[in-house]
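Survey of secondary and tertiary structure
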Amino acid sequence: MSILITGGAGYIGSHTCVELLSAGYDIVVIDNYSNSCNESLERVKKISGKEFSYYECDIRNKEGLDKIFKEHNIEAVIHFAGLKAVGESCQKPLEYYDNNIGGTIALVEVMRNNGCKKMVFSSSATVYGEENQVPFIETMKTGTTTNPYGTTKLYIENILKDIYAADNEWSIVLLRYFNPVGAHISGLIGEAPSFPNNLMPYISQVAVGKREFLSVFGNNYPTPDGTGVRDYIHVVDLALGHVKAIDFALPRTGVEIFNLGTGNGTSVLGLVKAFEEATGVPVPYKIVEPRAGDVAYSYANAQKALDILGWKAERDVTKMCEDTWRWQKNNPNGYNS
Ligand code: NAD
Ligand code: UD1
């Protein structure tokens, strides 16, 4: 029996592959490499010392997916595959709806046709929208999303809930990630964006000399230092959360939602300072206008994952910075270094 990992060559997927292999799961990976390459999977093999099959396959390709399901005994799917750039999603909404929502529908159809009804899905804290107050808790009504990327996450959550409502044999776990950062301790795998949209990759590219300074988006938020506060979570803790989620999903049916966050908030300037202290490298910055759609605060109530999954994030902000820096230093141009 194997777990199929869609988007497994990507940032969170590759770290999750390492932890699943280490927990003794057999895995099969598919990816269309639109935002990755198979070098990350070769490095997963190196870190874990284990073999597994991987395929270049788009989740919208039902025939290709069906072949993989027929070839392997797939018990459950961890579904990471998707486009994730917020700004790009505003320019190309159709592409995002087609890839993320169309892709999920094709995948779920092939799963059902092959009698595989267990899925762990990568959702996002973005579904809490602008209306809810921190700390975000799973029982809150989802909010209004501010961009097509966020809307795809909200729609997919609703589609998966409807699928369970119509067929109670499904087991669905919706994981709402907060802000994943960091890298594997080996420095072999990490996040490799060609252009960094998120804070930590930007900080590390400034530190390594690829960019001159960080633009801090606004310092007039109602937060202690005026900059936005987020719940940064080490990607290895996040990956371990997926192992717990799959352990949970396999023997059951139903739909469960879990926040994967630390429950702690760090401001933009707080993260800059932590990075400088952890690495000894200065990160010059300038305060600029706030970014449209940003909220002052986002952090999780992380109690449910602890109570039900027995999972808690263990790695602190210093560790997140150290591990990001090791990866960035060793691979200044990502997997092309
Ligand atoms: P990533 O881009 O590194 O990984 C996604 C992978 O999916 C990539 O390897 C990409 O090539 C692949 N992919 C995209 N479309 C595909 C398709 N149609 N068929 C097959 N493969 C496809 O991103 P990530 O940071 O690892 O994110 C993984 C998942 O977690 C995504 O669904 C993302 O939206 C979600 N998420 C990420 C964050 C974050 O901050 N990184 C936060 C919340 C949710
Ligand atoms: C963003 C997305 C969110 C997505 C998440 C993970 C927006 C509005 N939200 O969340 O939907 O799920 O990424 O992919 O884009 N910052 C700077 N300078 C920078 C970059 C960021 O000051 O160059 C600040 C931001 O204003 C924010 C904080 O750093 O206060 C974190 O930003 P980011 O890493 O982009 O994550 P989110 O905005 O939380």
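Refer to the structure above for everything that follows.
These remarks concern the structure in this document. (Residues numbered from 1 in each chain as written. Chains lettered and ligands numbered in written order. Predicted model: local features only at pLDDT ≥ 70, side-chain atom pairs only at ≥ 80, totals over all residues. Heavy atoms only, no water.)

Neighbouring residues of ligand 2: 18 residues in total, closest Leu199, Ser215, Arg230, Arg291 and Asp294. Contacts to ligand 2 include Leu199, whose backbone N or O atom sits 2.8 Å from an oxygen atom. A distance of 2.6 Å separates an oxygen atom of ligand 2 from a polar side-chain atom of Asp294. When the free accessible area of ligand 2 is taken as 740 Å², the share hidden by the protein chains comes to 89%. When residues in the shell around ligand 2 are grouped by element, the largest group, 4 residues, is from strand β8 (residues 214-217). Its residues assigned to classes, the shell around ligand 2 comprises 8 nonpolar, 7 polar and 3 charged. (Near = heavy atom within 4 Å. Polar contact = N/O pair within 3.5 Å; in protein donor to acceptor, adjacent residues only side chain to side chain. Areas by Shrake-Rupley, 256 points an atom, 1.4 Å probe, with all protein chains shown as cover. Helix = DSSP H or I, 4+ residues; strand = E, 2+ residues; numbered from the N terminus. Nonpolar A, V, L, I, M, F, W, Y, C, P; charged D, E, K, R; others polar.)

Taken together, 26 residues lie near ligand 1, and Ile12, Asp31, Asn35, Ser36 and Phe80 sit nearest. Ser36 places a polar side-chain atom, nitrogen or oxygen, 2.7 Å from an oxygen atom of ligand 1. Within the side chain of Asn99, an N or O atom sits 2.8 Å from a nitrogen atom of ligand 1. Contact with the protein chains covers 95% of the free accessible surface of ligand 1, which is 820 Å². When contributions to the shell around ligand 1 are tallied by element, the ones reaching two or more residues are α1 (11-22), β5 (118-124) and α6 (148-166). The greatest single-element share of the shell around ligand 1, amounting to 3 residues, is contributed by β5. Considering only residue class, the shell around ligand 1 consists of 11 nonpolar, 11 polar and 4 charged.

Here we take up α1. In this model α1 runs 18 Å from its N-terminal to its C-terminal C-alpha over 12 residues, within 8% of the 16 Å that 1.5 Å per residue would give. Among the 12 residues that make up α1, 11 are buried, leaving the element largely enclosed by the rest of the structure. Residues of α1 that are buried: Tyr11, Ile12, Gly13, Ser14, His15, Thr16, Cys17, Val18, Glu19, Leu20 and Leu21. (Expected span 1.5 Å × (residues − 1). Buried < 20%, exposed > 50% of the residue type's maximum accessible area, 1.4 Å probe, protein only.)

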